[in-house]
Amino acid sequence: MDFSLSEEQQLLKDSVQRFVREQYPLESRRKLVATDIGYSEDNWAKMAELGWLALPLPEEYGGIGGGPVDTMVLMEEFGRGLVVEPYMSSIIIGGGFLMAGGSDKHKTELLPKLGAGELKLAFGYAERQSRFDLNDVECKAEKNGDGYVLNGHKGVVFHAQTADKIIVSARTSGGSRDADGITLFLIDNNCSGLTRRDYPTVDGLRASELQMDGVTVGAEAVLGKVGGGAALMEEVVGQAIAAICAEAVGCMDVLQETTNEYLKTRVQFGVPLSKFQVLQHRMVDMFMECEQARSMCYMVTLKIGDEDPVERAKSVSAAKVQIGNSGRYVGQQSVQLHGGMGMTDELHVGHFFKRLTMIDTMFGNKDHHLKCYADL
Amino acid sequence: MDMHFRPEDLAFRAEVRQFIQANLPGDLADKVRRGLHLDKEDFVFWQKKLNGQGWFAPHWPVELGGVDWTPTQHYMFQNEQVEGYCPPVIPFGVRMVAPVIFTYGSDEQKQRFLPDILDSTAWWCQGYSEPGAGSDLASLQTKAVRNGDHYIVNGAKTWTTLAQYADWIFCLVRTTNEGKPQEGISFLLIDMKSPGIEVTPIITIDGSHEVNSVFFTDVRVPVENLIGQENLGWTYAKFLLLFERSNSLSGGLKQQLRRLRGIAEQELTGGEPLCADPAFAAQLAGYEVQLRTYEFLELRTLGNSRPGAEASYLKIIGTDLQQMASELTLQAVAYYGNPYIRDALVHGYNEASVGPDYAAPAAPQYFNYRKTAIYAGSNEIQRNILSKAVLGM
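The structure presented is a predicted model; accordingly, all values stated were derived computationally and were not measured.

**Quick notes on the overall build of chain B**
Phase 1: Secondary structure summary: chain B contains 12 helices and 9 strands in total.
Phase 2: For chain B, whose C-alpha radius of gyration is 22 Å, the value lies close to the compact-globule estimate of 21 Å for 393 residues.
Phase 3: Per-residue burial for chain B yields a buried fraction of 38% across its 393 residues.
Phase 4: When contacts within chain B are restricted to residue pairs at least 6 apart in sequence, those whose partners lie at least 24 apart make up 71%.

**Description of the overall build of chain A**
Phase 1: Tallying secondary structure elements over chain A gives 11 helices and 10 strands in all.
Phase 2: Relative to the compact-globule value of 21 Å for 376 residues, chain A shows a C-alpha radius of gyration of 21 Å, a close match.
Phase 3: Its C-alpha atoms put chain A at 80 × 45 × 45 Å along the principal axes.
Phase 4: Counting all 376 residues of chain A, 52% fall into the buried class.
Phase 5: Here the contacts in chain A between residues at least 6 apart in sequence split such that 73% fall between residues at least 24 apart.

**Comments concerning the pairing of strand β7 (residues 206–217) of chain A**
The side chains of a regular strand alternate between both faces of the sheet.
Residues and elements named next belong to chain A.
Phase 1: Across 9 bridges, strand β3 (residues 147–158) lies against β7 in antiparallel orientation. Residue pairing in the sheet places K154 in a bridge with L210 of β7.
Phase 2: Pairing between strand β6 (residues 194–200) and β7: 7 bridges, direction antiparallel. Counted as the bridge partner of L194 is M212 from β7.
Phase 3: From the end of β6 to the start of β7, which pair antiparallel, there are 5 residues, and G204 there has a positive phi angle of about 90°.

**Observations concerning the domain arrangement of chain B**
Phase 1: Domain annotation for chain B reports domain 1 (7–89), domain 2 (122–232) and domain 3 (245–389).
Phase 2: The gap between the C-alpha centroids of domain 1 of chain B and domain 2 of chain B is 30 Å.

**Structural notes on the packing of helix α11 (residues 366–375) of chain A against helix α9 (residues 278–301) of chain B**
Phase 1: It is the contact of α11 of chain A with α9 of chain B, at a shortest axis distance of 9 Å, that shows an interaxial angle of 95°. With respect to α9 of chain B, the element α11 of chain A is oriented roughly perpendicular. Packed against α11 of chain A, whose contacting residues are L370, Y373 and A374 of chain A, the element α9 of chain B presents A281, A282, L284, A285, G286, E288 and V289 of chain B at the interface.
Phase 2: Broken down by class, the residue content of the contact of α11 of chain A with α9 of chain B amounts to 8 nonpolar, 1 polar and 1 charged.

**A few points about the confidence of the model for chain B**
Phase 1: Of all residues in chain B, 97% have pLDDT values of 70 or greater, and the mean over the chain is 93.
Phase 2: Complex prediction metrics read pTM 0.90 and ipTM 0.86.

**A look at the pairing of strand β2 (residues 140–144) of chain A**
Residue and element names in this part refer to chain A.
Phase 1: Bridge analysis of β2 against β3 gives 5 bridges, and the strand direction is antiparallel. Bridging from a neighbouring strand, E142 pairs with V149 of β3.
Phase 2: What sits between β2 and β3 in their antiparallel hairpin is a turn of 2 residues, with G145 showing a positive phi close to 65°.

**Let's talk about α11 of chain A**
Phase 1: Residues K366, H369, L370, C372, Y373 and A374 of chain A constitute the buried set of α11 of chain A.
Phase 2: Considering only its buried residues, α11 of chain A is in contact with α9 (309–338) and α10 (348–361) of chain A together with α9 of chain B.

**Description of the domain arrangement of chain A**
Frequently, the measure chosen for interface size is the accessible area that the parts lose on association.
All names here are of chain A.
Phase 1: For chain A, the assigned domains are domain 1 (7–120), domain 2 (122–227) and domain 3 (230–375).
Phase 2: On a C-alpha basis, the centres of domain 1 and domain 2 stand 23 Å from each other.
Phase 3: Listed per partner, the contact involves 15 residues of domain 1 and 17 residues of domain 2.
Phase 4: Here the side of domain 1 that touches domain 2 gets 6 residues from one element, more than from any other, and that element is helix α5 (residues 87–101).

**Observations regarding the packing of α9 of chain A against α9 of chain B**
Phase 1: In contact at an axis separation of 9 Å, α9 of chain A and α9 of chain B are set at 90° when each is read in the N-to-C sense. Judged by the inter-axis angle, α9 of chain A sits roughly perpendicular to α9 of chain B. In contact with A318, V321 and Q322 of chain A of α9 of chain A, α9 of chain B contributes V289, R292 and T293 of chain B.
Phase 2: In terms of residue class, the contact of α9 of chain A with α9 of chain B is built from 3 nonpolar, 2 polar and 1 charged.

**Focus: unusual backbone geometry**
Phase 1: In this structure, H159 of chain A takes a positive phi of about 55° despite not being glycine.
Phase 2: Positive phi, normally seen in glycine, also occurs at A334 of chain B, with a value near 50°.
Phase 3: Residue position: A334 of chain B is located in the loop between α10 (307–333) and α11 (362–368).
Phase 4: For A334 of chain B, a count of 15 C-beta atoms within 10 Å puts it in the partly exposed group.

The rules we used
- Residues numbered from 1 in each chain as written.
- Chains lettered and ligands numbered in written order.
- Predicted model: local features only at pLDDT ≥ 70, side-chain atom pairs only at ≥ 80, totals over all residues.
- Helix = DSSP H or I, 4+ residues; strand = E, 2+ residues; numbered from the N terminus.
- Rg over C-alpha atoms; globule rule 2.2 N^0.38 Å.
- Buried ≥ 20, exposed ≤ 12 C-beta atoms within 10 Å, placed from the backbone.
- Contact = placed C-beta atoms within 7 Å.
- Pairing = 2+ DSSP bridges.
- Domains from an automatic or database assignment.
- Axes fitted to C-alpha atoms, helices over the stretch in contact; angles between N-to-C directions.
- Parallel < 35°, antiparallel > 145°, perpendicular 65-115°, else oblique.
- Nonpolar A, V, L, I, M, F, W, Y, C, P; charged D, E, K, R; others polar.
- pLDDT = per-residue confidence, 0-100.

Encoded structure:
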C-alpha cells in the first residue's frame, strides 16, 4: 500500500503545473472560451509536443503507455486550471474506445494520429429520453449490405464541433433499454446525413446536438462487437469517471485554498473573517470534503483495473457519489464565503463552482450512481 | 501508487487471524458480535492472551515490550481484531498513560508502572474532565497542594470511564493559579485505593454504567507520582490526546455495517426484505459510500507525519459514521427498538427474546453512541484545532 507518486509522475505533475500557470490565467481562458471553437489549437499542439496526448496510449501505437495514476495526475492539474481543451472527449474517451474496442486497423491508423494531435474524437451517447442510462438507446442502426444506416438524435456531445470522427451508440437489435443489441460506430464528422447544432456550455466548454438522418457507414465503422457496445461503454466510461474525479479534486482544492486565503484578508467588524468560529468550522468542513474527495479519487484510480467487475463498478459509482457531494458542498460554500464577490463573473470562484456543478452531471449524477451502487 | 499489500503483510495478517482463531473462545466472540455487555474479566482475559503473544502493546518501544511493525501491520492488526470479534483493548493504560510514562516519566516510574500495564494487573482510568471543565479542559480546578513528600488533592473528576474497575487514575490537577490556566496544571498518578477517593456511578441515557464521578477529599499522593515537572502537565496531556484520537475506526465501522446489513436482509417491509426498499437501500448505499471514503482516508494517513491534524478529521468523520450506523440500525428494527429488557443485553440471558435478538441492543447503542461526537474533545473542538493547525485561521 503506497499512495506516493513516482519520480516520473512527479515530473509530469510539475510540467502540467507549469503549463497551467503560464497558459491559463483566468483572462486567457476567458478569451479562449469566447472563440468559435472554444479552446486553443496551439495549446493542443503543445500538449501533443509534451507527450500528454499520447500519455495513456499504448507504446506499440506511438503512445507513452501511461496508466490510470498518470492520467489522474494530469487531470487534477487540468482541473486546477479549468483547462478547456478536449482532452477528456478525445484522449480519455476516444482513445479509450479505440484501445478497448478498435480493430487492428483502427489502432494502427488512428492511435498514432490521436497521440500526435492530428486527430480528434468525440463521443455521442445521451439521448433526450435516456437521462443517465447509457443503455437507453433509441438511435437505430439498420443493416445495409455489409454496412449500416444510422438514424436518430444524440444530445450534448462534448467537443463534437472540432472532432474529426465521432463515436456514437446505436441500436442494432433489442428493445430500447436492453443492454444487449447496442453497437458503437465511428462516423466521420463531415459525413452526409449528419447535422450538428453547436453551442457553448455553462461552464465554458463546447457541445453539440447531433441529428443523424440516413448516415451510411461500412462494416469497418463498427467499434468492438456488434451488439456488444454496453460492456465497452461501461469500461471506457468507468475510466472517464476516474479521470473526471481527478479533475474535480483539482477544482475543489483551488476553491478551498483561495477561500481560506480570502477569509484571512477580508476584514469585517474590525477583524479578518477567519477569526469567526462559524466560518472556521465551515472551512474545516470544506477541507474535510476535499480530503474525502481525494481519497475516493485515489481509490477509483487504483481500482479501475480491478479484475472483479462488481468491485470495479462499485468503486466507480462510490467515487462519483462522493465527488458529487463534495463538489457541491465545496462549490456552494466557496461562493457563500466570498459573499457578493463570489457571485461575480470577474472572480475565478464562480467558474470553478460552475465546472464542479456540471461535473456532477457528467456520466451520471450522484443520485444515479447511488442507485447504481445500491443495485450492485 | 499501489494499493496492494506486500506478501509479508499478507502473511502477517494470516498469522494474526490464526492466533485469534486459536485463542478467542467462541462464547466471548459471540458476546462481542451481538453487542452484549462485556465484564472486566472479558477484557482482561483477552488482553492477557495478547500479552502472552507479545502483541498487547505493539506501539510501545521494542525494548519495553513493543513490536517493530510497519504502519500497515499495525493497521491490519487492529482490523483483524475487530473482524474476529475480539473484545476491544481498554486504552487508558496501554495506549494512553503508558506513552506518557515512557516518554516523560522517570526510570523508577517506568519500572514501577509499565509491567503492571503490560500484563493487565493494573486497570487505569483517565481523570481529565471536571464538572466545570469540559471542552475548556484547561479551566480545571481539582487542586493539588504540596505538603512535604505528598500532594494533597481535593476536587472532582467526571465522565471517568470504567473507574469502577480501576486500580489507578491519571489526573490533571491544578498546582498553581498563576499565569495562564494551561501553565498551572500537573500530571499525577493516583492510587484508587487511597483514602478520600469516592467513585459514584453515572447512568447514561442508554441505561448503562460506563462512566463515573470521582471525588477527591484530602487525598494524599506521594510526590514520586508526579510525571515530569510540576506545572508542565498540559504538555503531557496534549501528547496523550493524540493517542486518544488516533485509533483506527474503519474495522469497527465495517463490523457495524455487517450487522446492519444482516438485519436489513431479515426485516421485511411490504413482503420484501428491508434492504430492497428503495428509501432504505439509498440510505444504506449512501452510508457505504461514506464508509469506503473513510477507509481510504485512513489508509492514506498510514505512516504519515502529520498525526495531529489527521487524528482530528478522522475523529470527526469516523464518529459521524458510528452515529449514522447506529441510527440506521435503530430504524431497521422498527417497533422492536422499543422493548428494553436490561438482562437481555447480558450474555447468557435464558428467557426467549422479545422480538428478534438483534433488536435488543439497537436502541441502547444508538443512545450510547451520541457520546462519540462529544468525548475525546468534542467534534466542535476538533474543528477548532483543524482551523488553527491546518488552515492557519
